[in-house]
Amino acid sequence: IVGGGLSELSFRPERNLVKRAKHRKHSTRMASIIIVGGGLSGLSAAHTVLERGGRVVIVEKNPFLGGNSTKATSGINGALTKTQVKLGIKDSKEQFYDDTAKSARDLLMPELVEVLTHRSASAVDWLQEKFNLDLSLVSRLGGHSQPRTHRGKEKFPGMTITYALMERLEDMAKSDPNRVRVVKKARVQKIIQDKDGTVTGVEYEKQGKTYHEMGPVILATGGFAADFAANGLLKQYRPEYYDLPTTNGDWSTGDGIKMVRDIGGKNIMMEMVQVHPTGLVDPQEPDAKVKFLAAEALRGVGGLLLTNEGLRFADELGHRDYVTGQMWKTKKAPYRLVLNGKAGKEIEWHCKHYMGRGLMKHFASGKELAKEMGISVDVLNKTFEDYNSFAKNKNDPFGKKYFHNLPFHVDDEFWVSIVTPVLHYCMGGLEINKAGEVLSPQGVIKGLFASGEVVGGVHGANRLGGSSLLGCVVFGRLAGDTAANYAQAQPAPSAMPQINLSNDPFRIGAVISHQGLQTTVSMEPNARRMNLEVLWTDANGTQVALTPTNAAPGGSADTPLAMTAGSPAESPEEKVPPPSHTREITIEEVAKHNKEDDCWVVVNGLVLDVTKFLADHPGGKKAILIYAGKDATDEFNMLHKPDVVDKYAPETVIGKLKGGTSTEASTHAPVPLEQTQSKASPATPAVDKRLKTTPSNKASLTSGGTADILPMERKKASFDVEKMTNVLDGGPDKTKRRRFILSPNKGVDMTDKYSWDAAESLKQHMKHFIGVHEAWWDTIIPTREEAAWMSEYSIFSGSLMNHYGLFLPTIEVHSSEEQRGWWSDRARRMQIIGCYAQTELGHGSNVRGLQTTATYDKKTQQFVLHTPTLSAMKWWPGTLGKVATHALVYAQLIIDGQEYGVHSFMVQIRDENHMPLPGIELGDLGPKLGDHANDTGYMIMNNIRIPRQFMLARYQSVSEDGVYAKTEMKKQNSKLHYSTMIFTRGSMVRSAGGFLAKAATIATRYSCVRKQGFVDRKASSHKAEERQIIDYQMQRYRVFKQVALAYAVKFTGSWMLAKFSNMETKDHKMTNLDSLPEIAATSGALKSLVTFQSWSGIEDLRKCCGGNGYLMSAGVAPLAANYVWQSTAEGDWILLMLHTAQFLLKALQGAVAGNPLTDIMSYLKPMQDSSFDLHTFRLPAAKAVEDLFNLDYLLDLFKACALIQVASVGEKFSQRAGELGGKFEEAFNDISIELVTAVRAHCVTLLVSNFINTVRETQDQACRAALTNLCALYCCSNILDEPQWTGVIDADMVKLVKSAVPEIMQRIRPDAVALVDAFDIPDNVLCSNIGRFDGNVYEALYESAKKAPLNQREVFLGYEYLQPHLDKDFLKTKNALPPASLNSKAKTGKL
């Protein structure tokens, strides 16, 4: 007995049961459902049972779960999945049914095929949503009329899917063992039935002992394609296939089929065994009985099948039995599966994996391939040319309809495998009904269910590619659901009741009341043990004991009694303590252990002795033995997560590789493939001929020698970087929160994005953005600050940022409670996608002049939205072009002919199939300079009707009879309607600092790493020491002043967000509206200035990076291109400046009148002194360089400058208006240049004020000192570079500032790298090969070049135009002196 409470339970069972019943979460009447087999089908069943509130026990005969499903290579089928809909694939359940029926032929079982096909979409969606699986790629396999086979970008889909379910289940088994148990290395021998034939459990053997497990049973034991016993099922039903190799593991021996046969169940279609045409032949072991399967997806992407003569012989996408039959008919082996360059690139991961196993070869040209095959290249060329022609003319002699990745050319590169027919799948098995219940000739066998390959009849005569995994999931979920319902309806088992005294007290009542129960308790005081023996009479009159003859393995005191009678716990010896990694072993020592009886391998820096593990490896021992004595890291990481060793084979770890970088397998991240690839692959076709870089401190052929530069720079820092990061974020708690908010981006690699066109950019943005956000819909509603972080640290910005940044906030702020109920949560979960449709083709910043109309129709109580002219069409809204389903349309409200100004209306623009609604024309604007993932679009509306309730109505409304009404708050402030635009401009101030910080980080790090020019100009050797370019004064000034500006803008951005927070409540209601005009003017001007300055700064930082800065992969060039639009978005920067100028003139007028001044306008206070004279007012004079480090002085200086500029322009405005006879608009226009200068002075004063306030509030002295230096540089560079100081300061002041700048920069120099490190921008966010944290820029530049699109083939597209003009004879000299004949040929000009 484990646990206490026996006496209380024995003497007061009823009271205790009632007492404990209140705390039970799951049904106590539902027996555990026993699932035999732990492959994908069994796992799907288990998760389904658990979803239904049940309990499961999985009994698996192998050491690991997974089964054959882990070997599946092509993908999982699904018709009408969310992925297909997103990709625009027009599939349907009916088409999938028809394709499956054609493949099944005359053995079609309609009910089962309907279950398979009609539940396919929900199965795929379940995997993606519940287990967060990437199944974003969809291809067309043989026999399919539509692309419907789903897989992810990496790893084989079978492994990915099965491992996800397995990992989740094993975690549950640890966290909730009363609901989930897994018993491995246990072979089920018998199905137990009661006298009525109802299945009540199973009998299994483990470690030589026999146990019973009681409950309903789901069989998921797989097929029999490896049952090579002399009396096995293969020999019985398909003896002609007996000598074929197989792709199945040796566990596929038809156990479930045999057990059901023994109890009278029905087996059907047993002769239907599928022979797959493309088993991969290992040249080193061509006769191996078990072969790896070539994914059907290889043919799906365009692979050709060729005979040994180089000829095609079949439709490569035909049914499997057809292709195999053609191979046997043709009899011209060896057959080769050939992929061209395009196809290899599309399925790159598979090719890498096969090449790593030695099952695929890369050929640089068709000539090399022909040589390998022993045929003429002309034969191969004709085969390819004929194929291209058949594809073009749709007249393939083998009837092929679908062609991919054309054309085939002999000058292309190729990936080739030898293939042969292999036993792969059994279509025959147990007969079930459409509920998953197993049948006998007499009908349903109660309590017995089946799923997966053990089931017969689902696929008829031939299984389609991709339907194996699908069958596992669909029928696994079906069996799990039916079994859970069955178990829920059953009384407690009577044959052998479950007893759990410690965890399941409810069951004790059933035991105590059981007829014929005898209980014996014996004590062993010395062993401190109490033994309980329970005997009862079962339904057949036989006395049964709870404790079996052979005790449970291990027999330890902690063996749970939560098990059914006779059920074992996992053996204590299987629980291995964490390994010690202290022993260091050289790779030379590892190499000595390279045999089956002595096998070591290296994985992620750890040395593993896998000799005893070979037999247990789910992928077979051969998969490990090819790496015996070698480093298997690359292959391991392609298939597994890094924690697999710790979880499943910790006992194999015997030490760490000497000189390796890993100390713990569980924390060692997989090495990126692009850094470790040493074999030819589709990504780099000739990578075996190229350098493999090895970063170090010393320059060499394989190293740039820069690995130590940035670490040394960081040692110079005067402050703690983490503390400076806290200052930028607003405190340690906010830093922690920011990192948590951004954590989903960790490890995401977007380095390929610079090669994508607009369509691919939008696609990848959708995938990444939705993948990051959907996990948090129910838990996080970000604040404005958190949303700003997301924008600032975005890996891949694009369309959906408008949805969350503009559309959703507008709903929250301006919708009524009823409207938020319609739209808010749907928008947050992306059930609707929206855009902010304000700007028109002919109107931008002049919002009041918008021409789109919304006319109220009283009869129908609808608004009629219309774009009456060409210039009135909506133009430039992001997300409108392709993605949005809804638009918040800004239009002129008209009721009975009277205009009420611009209001916002919710308009659905696309239907459930994402097609434009009638009367609406939509489109993208076309290629832009940058921001390619943002579908900026246009919209024309022709009298579109929407309900009256669809005008956003928090602050105004229109009644049924057309009466317009404003709330009191709206009456008090007419600018309220523009609050979204105001908030957006303020958010853009914050993000400007983030974009500039990225560029500053790249340029600073690169300027420290890059060296140019000799330290000693007189040096005679080219090997003399060179100078870091950061130490050239002009480079230093250009870079450091942008770092300072980034800090200044970030601090002011935080200040703006705080201002916004003070203006709204938690439910987004506006409050404190007295400050709205000032905030509107300030946000507009600041947005104008800092977006322009940030873009200019990014562009200059690009130039600071020299030629490499021009590369997209350097990261700073695309930053400039992607950011430039923000200087005009939400209003041209000059127009917004002039809007703020109007506010300043009013504020100046109020100051002169003696009105109270806000903090923002406090610099005008001297004007309220009656003695103030603008013409005699002077700036405070600096006497020495040190004055420019005095924050009080700097603030006074900038306030005085703003005062002079604003007061001067006010005076000039009054003078000019008087000259024009009071024509204020003309006067304003005449002095607009001076007005912009005054606004710049006003904005810069705010930036300086916020910078200085932050410095003053900084507690850490070292950070404060560093920030003071940076603030001083910001101020001095502004004085030297900005126009507002012209005529304000004298020549002596300019001279002093110029002399101060070098001193300030010298103080900043030791902190340079630390200051940009404090921005805390991860490498994957920077996405820069020259700005990387480790400083290994030359290695990264080279690696990026190898991956460049043009380098994916040696002979470029377009060569055919150049080729006729090239002198081939001269080129054949290959750097040798040309013969005289060629010289004379050149002289004659006859080429």
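Here the structure is shown first, and the text comes after it.
Along each chain, residue indices are assigned from 1 in the same order as the chain's sequence is written. Two thresholds apply to this predicted model, a pLDDT of at least 70 for residue-level local features and 80 or more for giving and counting side-chain atom pairs, whereas whole-chain, interface and lining totals are computed over all residues. For side-chain calculations, the full set of non-hydrogen atoms in the structure is used, while hydrogens and water are omitted.

A. Main features of the overall build of the protein chain. A run of H or I in DSSP becomes a helix once it reaches four residues, and a run of E becomes a strand once it reaches two; helices and strands are each numbered from the N terminus. Looking only at helices and strands, the protein chain has 47 helices and 41 strands in total. Relative accessibility decides the category of a residue: with a 1.4 Å probe and only protein chains considered, values under 20% of the type maximum give buried, values over 50% give exposed, and everything between is partly exposed. Across the 1391 residues of the protein chain, 55% fall into the buried class. Working rule for contacts: check all heavy atoms of both residues, and any pair within 4.5 Å makes them a contact. In the protein chain, once contacts between residues fewer than 6 apart in sequence are set aside, the share between residues at least 24 apart is 73%. In these tables, accessible area is a Shrake-Rupley quantity obtained with a 1.4 Å probe, and a residue counts as shielded only by the protein chains included in the view. Just so you have it, the protein chain exposes about 59600 Å², and 53% of that area is on carbon and sulfur atoms.

B. Region of the structure containing the nonpolar core. Core analysis: the biggest nonpolar cluster contains 148 residues, and M724, Y1047, I1098, L1164, L1188, F1251 and Y1274 have the highest contact counts within it. Top element by residues in this core is helix α37 (residues 1191-1219). It accounts for 16 residues. The residues contacting F1251, other than those within four sequence positions of it, are A1044, Y1047, A1048, F1051, L1267, L1270, C1271 and Y1274. If you look at the next biggest cluster of nonpolar residues, it comprises 104 residues, including I33, I161, L219 and I257. By nonpolar core is meant a set of buried Ala, Val, Leu, Ile, Met, Phe, Trp, Tyr and Cys residues that side-chain atoms within 4.5 Å join together.

C. Quick look at the sheet that holds strand β3 (residues 76-77). Here the rule is simple: two strands pair whenever DSSP picks up at least two bridges between them. If you walk across this open sheet you meet the three strands as β3-β5-β4, and the pairing is antiparallel. For this open sheet the edge positions go to β3 and β4 (137-139), each flanked by a neighbour on one side alone. Pairing of β3 with strand β5 (residues 149-151) involves two bridges; the strand directions are antiparallel. Bridge pairing links I76 to H150 in β5.

D. Structural detail: empty space enclosed by the protein. Definitions used throughout: a 1 Å grid over protein atoms alone; a cavity as a set of points that fits a 1.4 Å probe which cannot get out; a pocket as an open set with protein on both sides within 12 Å along at least five of seven lines; a lining residue as one with an atom within 4 Å of a point. Grid points are joined across faces, edges and corners, and a volume is the space filled by probe spheres set on the points. As enumerated under the stated definition, the model contains six cavities of 30 Å³ or more in all. Volume-wise, the largest cavity comes out at about 640 Å³. Lining the largest cavity are 45 residues; nearest its centre among them are G67, N68, S69, G222 and E453. Breaking the lining of the largest cavity down by element, the ones donating at least two residues are α3 (40-51), β7 (187-193), α10 (255-262), β17 (414-426) and α17 (467-489).

E. Region of interest: the packing of aromatic side chains. When the centres of two rings from Phe, Tyr and Trp lie within 6.5 Å, Trp using its six-membered ring, the rings pair. Their planes under 30 degrees apart give stacked, over 60 give edge-to-face, and anything left gives tilted. On inspection of all chains with the given rule, the structure shows 32 aromatic pairs. Judged by centre distance (5.7 Å) and plane angle (90°), the rings of Y387 and F408 are edge-to-face. Residue Y387 is located in helix α16 (residues 377-393), and its partner F408 is located in the loop between α16 and β17; the two are separated by 21 residues in the primary sequence. Here the two residues Y387 and F408 agree in accessibility, since each one is buried. Each ring, one from Y856 and one from F863, has its centre 5.3 Å from the other, and the planes form 55°; the classification is tilted. On the basis of relative accessible area, Y856 is assigned to the buried category, the value being 6%. Judged by its relative accessible area of 0%, F863 is buried. What links up through ring pairs into an aromatic cluster is the set F384, Y387, F403, F408 and F414. Two conditions define a charge sitting above a ring: the NZ of Lys or the CZ of Arg must be within 6 Å of the ring centre, and it must be within 35 degrees of the ring normal. Taking the ring centre of W126 as reference, the NZ or CZ of R477 above it sits at 4.1 Å. Over the ring of F995 we find K998, and its NZ or CZ is 5.0 Å from the ring centre.

F. Structural context of α37. Compared with an ideal rise of 1.5 Å per residue, which puts 29 residues at 42 Å, α37 spans 42 Å between its outermost C-alpha atoms and is within 8% of the ideal. At the N-terminal boundary of α37, the capping side chain belongs to N1190, with an oxygen 2.9 Å from the backbone nitrogen of D1192. G1221 sits one or two residues past α37 and shows a positive phi near 70°. In a helix, the anticipated span is given by 1.5 Å times the number of residues less one. Residues adjacent in sequence count toward polar contacts only when both atoms are side-chain atoms; beyond that, a polar contact is any pair of N or O atoms within 3.5 Å, and within protein one must be able to donate a hydrogen and the other to accept it.

G. Structural view of the sheet that holds strand β19 (residues 437-440). Spatially, six strands are ordered β6-β2-β1-β10-β20-β19 in an open sheet, and the strand pairing comes out mixed. Two strands lie at the open edges of the sheet, namely β6 (180-183) and β19, each paired on one side alone. Sheet twist, expressed as the average angle between the axes of neighbouring strands with direction ignored, equals 35°. Pairing of strand β1 (residues 33-36) with strand β2 (residues 56-59) involves four bridges; the strand directions are parallel. Paired with I35 across the two strands is I58, which belongs to β2. Fitting a line to C-alpha atoms yields each axis, with helices limited to the stretch in contact; the angle taken between N-to-C directions then spans 0 to 180 degrees. On top of the sheet, α17 reaches β1, β10 (217-219), β19 and β20 (443-450); it is set at about 115° to β20, its chief contact.

H. The arrangement of the pairing of β17 in detail. The buried count for β17 comes to 11 of 13 residues, which makes it a mostly enclosed element. Bridge count between strand β12 (residues 273-280) and β17: six bridges; the pairing is antiparallel. Looking at β17, one finds that V273 is bridged to C426. Of the strand pairs in this sheet, strand β15 (residues 335-339) and β17 are connected by five bridges, and their pairing is antiparallel. Each bridged residue has a counterpart across the sheet, and for L339 the counterpart in β17 is W415.

I. Region of the structure containing the packing of helix α40 (residues 1261-1281) against helix α41 (residues 1291-1308). Packing of α40 against α41 brings their axes to within 9 Å, and their N-to-C directions diverge by 145°. The handedness of the crossing between α40 and α41 is left-handed. Together, N1269, L1270, A1272, L1273, C1276, I1279 and L1280 of α40 and V1294, V1297, K1298, V1301, I1304, M1305, R1307 and I1308 of α41 make up the contact between the two elements. Here the nonpolar group is Ala, Val, Leu, Ile, Met, Phe, Trp, Tyr, Cys and Pro; Asp, Glu, Lys and Arg are the charged ones; every other residue, Gly included, is treated as polar. Along the lines of polarity and charge, the residues of the contact of α40 with α41 split into 12 nonpolar, one polar and two charged. For any helix crossing, the convention is left-handed if the near helix is rotated counterclockwise from the far helix by under a right angle, and right-handed if that rotation is clockwise.

J. Quick look at the pattern of salt bridges. Salt bridges, as used here, are contacts in which a Lys or Arg side-chain nitrogen is within 4 Å of a carboxyl oxygen on Asp or Glu. This structure, assessed with the given rule, holds 64 salt bridges. K61 is paired through a salt bridge with D255; the nearest N and O atoms lie 2.8 Å apart. Placement of K61 in the loop between β2 and β3 and of D255 in helix α10 is noted, with a sequence separation of 194 residues between them. Exposure remark for K61: the relative accessible area of 21% places this residue in the partly exposed category. On the basis of relative accessible area, D255 is assigned to the buried category, the value being 16%. Among the salt bridges present, the one from D91 reaches R148, with a minimum N-O distance of 2.8 Å. Residue D91 is found in the loop between α4 (82-87) and α5 (93-104), and its partner R148 is found in the loop between β4 and β5; the two are separated by 57 residues along the sequence.

K. Spotlight on unusual backbone geometry. Of the consecutive residues A333 and P334, the connecting peptide bond is found in the cis state with omega at 0°. With respect to the secondary-structure elements, P334 resides in the loop between α12 (320-330) and β15. We note that D896 has phi near 50°; this positive angle belongs to a residue other than glycine. With respect to the helices and strands, the residue D896 is situated in the loop between β33 (886-895) and β34 (898-908). With relative accessibility at 57%, the residue D896 sits in the exposed group.

L. Spotlight on a positive patch on the surface. Together, K367, K371, K1368, K1372 and K1374 give the surface a local cluster of positive charge. If you trace the backbone, K1368 turns up in helix α46 (residues 1368-1371). Put simply, a patch holds well-exposed residues, over 30% relative accessible area, that have no salt bridge, with like charges counted together within 9 Å and Val, Leu, Ile, Met, Phe, Trp or Tyr side chains within 5 Å. The sign given to each residue is positive for Lys and Arg and negative for Asp and Glu; His and the chain ends receive no count. Where a charge lies is defined by one atom per residue type, namely NZ (Lys), CZ (Arg), CG (Asp) and CD (Glu).

M. Focus on the side chain of S815. Note that S815 resides in the loop between α29 (799-814) and α30 (817-828). Only 3.0 Å separates the side chain of S815 from the backbone oxygen of I811, close enough to count as a polar contact. Those residues in contact with S815, other than ones at most four positions away along the chain, are T810, R820, W823, L952, A953 and R954.

N. Expanded view of the pairing of β7. Summarising the sheet, β7 and strand β8 (residues 199-206) pair through six bridges and their orientation is antiparallel. The residue bridging I192 from the neighbouring strand is G201, located in β8. Between β7 and β8, which pair antiparallel one after the other, the connecting turn spans five residues, and G197 there sits at a positive phi close to 90°.

O. Main features of the environment of V444. Relative to the assigned elements, V444 resides in strand β20. Between the alpha carbons of V444 and T198 there is a distance of 9.5 Å; along the sequence they are 246 residues apart. What V444 contacts, discounting residues up to four positions off in sequence, is N433, E437, V438 and L439.

P. Structural detail: the packing of helix α6 (residues 110-118) against α17. In the contact formed by α6 and α17, the axes pass within 9 Å of each other and the chain directions differ by 100°. With respect to α17, the element α6 is oriented roughly perpendicular. Only S467, L470, G471, V474, F475 and L478 of α17 make contact with α6, whose side of the interface consists of L112, V115 and L116. Small angles under 35 degrees read as roughly parallel and large ones over 145 as roughly antiparallel, with 65 to 115 read as roughly perpendicular and the rest as oblique.

Q. Quick peek at the environment of K1059. Note on placement: K1059 falls in helix α33 (residues 1033-1061). Along the chain, K1059 and G986 lie 73 residues apart, while their C-alpha atoms are 9.4 Å from each other.

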